[in-house]
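# Results of the structural survey
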Amino acid sequence: MRQLSLTGAINEALKEELQRDEKVFCIGEDIQAGTFGETSGLVQQFGPDRIMDTPLAETAVAGAAIGAAMCGYRPVADFMFADFMWIAGDEIFMKAAKWHFLHGKKVNVPVVFLAAMGGGFKLGPEHSQCPESVVMHTPGLKLVVPSTPYDAKGLMKTAIRDNNPVVYFYHKALFGLTGDVPEEEYTIPFGQADIKREGSDVTVVAIGQMVHFALQAAEKLKDKASVEVIDPRTLEPFDIDTIVESVKKTGRAVVVDEDTLRCGVTGEIASQIMEQAFDYLDAPVKRVAAANLPIAGGFLETEVLPQPQDVLAAIEAVLE
Amino acid sequence: MRQLSLTGAINEALKEELQRDEKVFCIGEDIQAGTFGETSGLVQQFGPDRIMDTPLAETAVAGAAIGAAMCGYRPVADFMFADFMWIAGDEIFMKAAKWHFLHGKKVNVPVVFLAAMGGGFKLGPEHSQCPESVVMHTPGLKLVVPSTPYDAKGLMKTAIRDNNPVVYFYHKALFGLTGDVPEEEYTIPFGQADIKREGSDVTVVAIGQMVHFALQAAEKLKDKASVEVIDPRTLEPFDIDTIVESVKKTGRAVVVDEDTLRCGVTGEIASQIMEQAFDYLDAPVKRVAAANLPIAGGFLETEVLPQPQDVLAAIEAVLE
Amino acid sequence: MTLAKEDLILLYRNMLLGRKIDQLVIAGMATGKVLAFYHSGQGSEGLAAGVASFLNDDDYIYCHHRGHGIVYLLSKGGSGMEFLAEHYGKANGSCNGFTGFHNADPSKGVLGAAGTIGSVFPMTLGWGLAAKKNGRAQVAVGCFGDGSSNRGTLHEAFNLSALWKLPIVWVCDNNGVAQYTPIKDAYPKEDIADLAAGYDMPGVVVDGMDVLAVQEVVQAAVERARAGDGPTLVEGKTTRYRTHSEGSPDIFHIEARPPEIVEAFKKRDPIESFAKKLIEQQVLTEADIESIDKELEETAAEMDREATEGGMPDASLMRASLYAD
Amino acid sequence: MTLAKEDLILLYRNMLLGRKIDQLVIAGMATGKVLAFYHSGQGSEGLAAGVASFLNDDDYIYCHHRGHGIVYLLSKGGSGMEFLAEHYGKANGSCNGFTGFHNADPSKGVLGAAGTIGSVFPMTLGWGLAAKKNGRAQVAVGCFGDGSSNRGTLHEAFNLSALWKLPIVWVCDNNGVAQYTPIKDAYPKEDIADLAAGYDMPGVVVDGMDVLAVQEVVQAAVERARAGDGPTLVEGKTTRYRTHSEGSPDIFHIEARPPEIVEAFKKRDPIESFAKKLIEQQVLTEADIESIDKELEETAAEMDREATEGGMPDASLMRASLYAD
Ligand SMILES: Cc1ncc(C[n+]2csc(CCOP(=O)(O)OP(=O)(O)O)c2C)c(N)n1
Ligand SMILES: Cc1ncc(C[n+]2csc(CCOP(=O)(O)OP(=O)(O)O)c2C)c(N)n1
Ligand SMILES: [Mg+2]
Ligand SMILES: [Mg+2]
C-alpha cells in the first residue's frame, strides 16, 4: 500500500479537510513553511488567508482560533512545540475548554490545537514535554495522540470535524515514521483503542512513541510471553473497556507513557484498571513514565525519559 | 488555646516572616486590603514596598516575584483565585518550576504562590477550581494544601523559608474555620502527613476541605466502623509511607479530593497505594473527586463537586 | 448617521432599563436571590448604550463585566429576563442557570464572556478575524476596563488587529479604578488611548458620561472598521458609582475612595443628563420621561417575575453540556 | 563616559571572540558535537557588545538567544569555555551539561534565560524590582528580538517597569525577522521603539551595527536607570547573517529571504567596520588587529579544547538538582 510519513499523513489530512470545507483554516507561527513539515506546501494551494503565519504571540494565536471557531470556522492552531501551550494556558484550558459548557451549550468551539511533543532531540525541558495529563485532566478538551501514520491521518480528519476543542499531539521521534496510508478517504472515530499486537499473558497500554517501545519489547519477549499492546489513540474520549477486557484475559497490566509519572495519565489508567478489574489482577498494575524531573537536555535526556529497556524490564517484572 | 481562623493563621504567618526576614515581601492585586483578608493589615505595619499592590497583570506579578527570588528575595505572590495561575502558566509551570534545575543548580527561586481554591460560593468554573494535580504533576513545584488553621500557619512559615518555589492553596470554604493556634513560634515540616483521626477498618486520604468531609463521615460511621483519616498536608513532597502503613493495617482505602477526577491527585495516590500495598488490599482503592465537567455555578455546583454524602457513601462501599 | 428621535429614545431606554435591572440584581444580592457576586454597572450606562445600541445583530460584542454587561446586552437586543434568571440560577437563564452570571445570545452577536479579566482581547480578536473572513462588513466590539488594559493579552490582540486591519472596535471603560487600585497606580499615563499609537491605530478619548458623544465616536470607529480600514481604540472616561462588587469596601488600596470623585461624575449622570437634554431639545416632555420610567419599571418588574418563576436548572442537561454534539 | 583606548579594544575583543566561538558552535553542529540546536548570532555582535561590555558584575542581564547569548555573556565577563562545554553536553558546561544551551553565572549577573521567547520580560522585571529594592544603583538589562516584542509579556513588564520607575534597560535586537517571518508581517510600524511612548518611557533607535553608537545610547539609558529615573527601550537595527537555526531554510514565509538585505548589512559588519575605525583613529595598527585576531583564535581554540575534554555530565547530580537545599 501507499506509504506516508506520520508528518506527511497529518499534512495530507489537513489538505483534504481544507479542500472539503472552506471553513477550515490553519494558523500559527511560521506554518506556511512548516517548522516540522506538518503544514508545508499548503499555502501554495490554499493561500495565506487560510494558511496564516502569525507574529510570535501565543495568546493571540489561540484567541484568533478559538474566537473564529465560535463564529463557525474550524481552525487548526499550530503551536509548534506542545510546551508552548502553557503560554496560552488561560485561552486553551479555561476559554476553549469551558466556553461551550459555560454558555449553556449555545456556542461551539470547533478548534484543533496541533503541537509536536516529546523528547529524543535533547532540546531540554521547554521543548521536550508531553503535556498529556494536563489536557486529559481538563474537562472540555479532547486529546488525540497518534502512534502511526494511518492513525495520524484518520484521527486528524475526525478532530477537524469534531464540534469541540481537540488537542492533537504528535511525537517528534515519529515525524519520519512511515507506514501504510490508503489513498481512499477514511476517518477514525474517537474513543476506540487499537490493539496493536494481540497477546494473552500481559496487557501493555502505551501511548505515542511508547507504543513502539512496547511493540519492540513484545517482540523481544515473544518466546517467553505473549504480550498484548493496546494503543488508546485518544485519551479523551478514553476507551477503558477494551483495556479492561484485555486485563481480564491477561491478569497483568503495564501502562507506559512519556509524560511525567506523578499525576500523569499512567496513574489515571492504572486506577481505572484497578477499579474495574481488581479481582482479575494477579499483580499490581505497573507504570512506566518520565522521572519527576524537568527533562534534561544533552546526554542526560535518556536518564529522565522512559527508554525501551525500561518498558521491557517493567513487562518482565509484572510477569514474575 | 488561642483560636484563629484559617485566613487569620495565614495572615499571622506572613506577618511573622515579614518581621523575621526583610527579604520577604508580598505582591499581588489588591493585597494591601486583601481580597480574602489573607494579607489585610500588613501594609499598615510593613509599608507599600513590602506589601505591593500591582496592576491587573498576572505574568508580571509572577515574573516580578520569580525574578526577585532569583536575586535573593523571598516573595509571596498572591494570585487571589487559584484559577488565575493559568494566566501565568509559562511563568509558574515552566520558569519557576524548572529554572533551578535548568541552570545547573546555580540559581534558587524561593517564591511562594498563594491562592484561594475550591467551590462552595457558586462562582462558576473560573473561580472555583482546585488545580492541585497540575501543580503536583509539575517537577520543581512544591505544593501545600492546609486543612486547619494550625497547619495553615506552620506550613506557610515553612513555605516562605523553603529555597524553592512553593504553591500554597487554601480552600475558600475554610477561610473562617477557627482552631487552636499556639502563640509560640512553630513550623511544620513538609512531607509529613497528619493522621487527623485514628482508625483500624479503612484508610481515608483527604485533602483540604475534604478532610472535614471525611471526619464528618468517620463520626457518622463510628458505631459501624473505625475510620482512619489521613491529611497529607503537602502533596509535594508527598508522605506515601504514612498512608501505606495505614492501608497495611486497614486493608481498605478511599482517596478524596476536590480537583477533577481524571488525571487528578486521587489517581496518583490510589496508584501508589496499589503499587506499595497491593497484597494488603481487600478491595480496590476508591476515589472521590469532582466530576469530569467544568465547575457549574449556581445551584448545580453541588452536582459537580464532591459532597459529604459522596464521601460517606464511598467509605461505606469499600467497607462492604 | 444623525440620530432620529426614536434613536435618541432608544439610547435613553437602554440606559434606563439597564439601571433598573442593575438595581434588581443589587436587591437580589441582599436577599440571597442572586447566587454568586455582582459588579454593578451604575455610572457607565452612557458608555455601554452609546457603544452597543446601533450595532447590527450580526456584529459581535464582548460585553465588559460592569453590570455583568446588562446595558451592552440590552442595547444589542439581548434579554434582560434571561440575564436576571441566570443570576437567580434558574433554568430559563441565559446559560440555563449553569453559571450564575454569564450571557450568551448568538442570534444577537453575544457570544459570551469569561470570568477572567483580559480574555476580551484574544476572544474579540478571533471574532474580528471571523468577521473579516466573512466579508459581510460585520464588526467585532471588545469592551473592557482600565484594569483589564494592563493584561498582556491586550498587546498581542491590539498588534494583530492592527496588523491584519481587522474590523474591531476596542472600547475601554476607564472608570479610574480596578477593584481597589486607582489607575494612577496601574498605568503611568493619563489616557489609555495613548497605547493605540504604538500599533498605528487611532486612539480616541471621549466623555463616557455623555451617551451621544460616545455614540458619535463609536459610530465613526464602526464605519472605519466596516470600510476595512482596521481597528480603533475608544476610551470612555466614567466612574463606578458603587463598590467593586456588592459588599466589598469602597477603597483605593486601604483608604476610602475620595467621595468627590463619584459625586462629580454623578452630577453628570448619563441618564439624568440625557433626560434633561432630551427635554431641552424638545425630543421628549417631562411627561414622556415619566411615562417611560413607569413603563420600564413595569418591564423590569415583569422580567423579574418571569425570571423568579423560572424552574430549577436541569442537572442532566448540565451533564450533557460538556461537549457539543 | 568617554571611552579610553582599552575600552575600545575591549569592545572589539568581545565582538571578535564571540564570533569565533559562534563559528566553533556552527562547526560543532555539523559534526554532531553540539547536541541540540544553534541560533547563530553573527550580525548582531555590535549590539550585544555595545550593550553589555561596561556593565558592572552585579548588574543583571537577560541575554538574547542569538548566538545563545555568547557576545552578551563574554561582554559581561562570563566564560566562553563553559558556554562551549554546555553545548557539547559536558559536565564542565555552564549548567553542568544538563541543558545543552543555557548560561548561568550569578557572579557576573547572568541569572539565566529561558527556552521560551518572551520570558525576558517578566524575568527582567523581577530582577529590576530586586535591583531597586537593593538600593545599590544596579541595573537590569533585558535583551530580546523583534519577534519577542510581539509577546504579551512585553506589555505587562513595560508597564510595571515604567510605573515603578525600575532601573531597567530594555534592548531589542531588531534583525527584521522572526524565524521565517519578516517584521513587516509581525508589527504594523517601522520602529518597535515606538511602543515605549505608550508607557511614558523613552524609546531610542540606534544602528545596531555600530558598536560605539550602541554603547553611547545604552550608556545613557544605564545612567538614567541608575539615577532612579526609570526604564528605557533601546532598539538596535541589525541583521541575521545566517539562517534562523543551523540547518533551517533562509526564508520569509516560503520565499527566499532577499540576499540584498544581508549583503547591505554585511558591508557594515560590526567587527570589520570597527576594526577599520580603530585603525583610522590610530587606536590600533593593522598589525595589532592581526595579532588580536591570532590571539583570540588561540583563546577560542583553547576553550574548545578544554570544553571538549570535559567529562560526561553527572546523572546523580542531575537527579539531585530538582530542588535547592
Ligand atoms: C485575570 C483576572 N485577574 C483578576 C481578576 C479579579 N478582578 C475582577 S474585576 C477586577 C478589576 C477590573 O478592573 P477594570 O478592568 O478597571 O474593570 P472595572 O471593574 O473597574 O469596571 C479584578 C482585579 C479576574 N477576574 N481576572
Ligand atoms: C514562546 C515561543 N514561541 C516560539 C518559539 C520558537 N522560536 C524560537 S526563536 C523564534 C523567533 C524569535 O524571533 P526574534 O525575537 O526576532 O529573535 P531572532 O531569532 O530573530 O533573533 C521562534 C519563533 C519559542 N522558542 N518560544
Ligand atoms: Mg476600572
Ligand atoms: Mg528577529
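A few points on the structure. (Residues numbered from 1 in each chain as written. Chains lettered and ligands numbered in written order. Predicted model: local features only at pLDDT ≥ 70, side-chain atom pairs only at ≥ 80, totals over all residues. Heavy atoms only, no water.)

Scanning chain A from terminus to terminus reveals 12 helices and 14 strands. Whereas a compact globule of 320 residues would reach a radius of gyration of roughly 20 Å, chain A reaches 19 Å, a difference of no more than 12%. In terms of principal-axis extent, the alpha carbons of chain A reach across some 60 × 40 × 40 Å. Looking at chain A as a whole, 74% of its 320 residues qualify as buried. For chain A, the accessible surface area stands at approximately 8,400 Å², while carbon and sulfur atoms represent 47% of it. (Helix = DSSP H or I, 4+ residues; strand = E, 2+ residues; numbered from the N terminus. Rg over C-alpha atoms; globule rule 2.2 N^0.38 Å. Buried < 20%, exposed > 50% of the residue type's maximum accessible area, 1.4 Å probe, protein only. Areas by Shrake-Rupley, 256 points an atom, 1.4 Å probe, with all protein chains shown as cover.)

In an ideal tetrahedron of four donors about a metal, each angle is 109.5 degrees. In an ideal octahedron of six donors, the angles are 90 or 180 degrees. All names here are of chain C. Around the magnesium ion (ligand 3), the protein contributes the donor atoms Asp146 (OD), Asn175 (OD1) and Val177 (O), which lie 2.0 to 2.1 Å from the metal centre. Ordering the donors of the magnesium ion (ligand 3) by residue number gives the pattern D-x28-N-x1-V. Placement of Asp146 in the loop between β2 (140-145) and α6 (153-163) and of Asn175 in the loop between β3 (168-174) and β4 (177-178) is noted, with a sequence separation of 29 residues between them. With respect to burial, Asp146 and Asn175 carry one shared label: buried. (Donors = N, O, S within 2.8 Å, 3.2 Å for Na, K, Ca; no water.)

What follows is about unusual backbone geometry. The omega angle of the peptide bond from A:Glu236 to A:Pro237 is -5 degrees, so this bond is cis rather than trans. Along the polypeptide, A:Pro237 turns up in the loop between β12 (234-236) and α9 (240-250). With phi around 60 degrees, B:Asp30 is a residue other than glycine that occupies positive phi space. By secondary structure assignment, the location of B:Asp30 is in the loop between β2 (24-28) and α2 (42-46).

This part takes up the site of ligand 1. Neighbouring ligand 1 are 23 residues, the closest being C:His65, C:Arg66, C:Gly147, C:Ser148 and C:Val177. Those chains with residues close to ligand 1 are chains B and C. In the model, an oxygen atom of ligand 1 is placed 2.9 Å from a nitrogen or oxygen of the C:His64 side chain. Contact between ligand 1 and C:Gly115: a nitrogen atom at 3.1 Å from a main-chain N or O atom of the residue. Relative to its unbound accessible area of 590 Å², ligand 1 is 97% covered by the protein chains. (Near = heavy atom within 4 Å. Polar contact = N/O pair within 3.5 Å; in protein donor to acceptor, adjacent residues only side chain to side chain.)

Note on the magnesium ion (ligand 4): its protein donors are D:Asp146 (OD), D:Asn175 (OD1) and D:Val177 (O). The metal-donor distances range over 2.0 to 2.1 Å. Of the residues examined, D:Asp146 reaches a relative accessible area of 4% and is grouped as buried.

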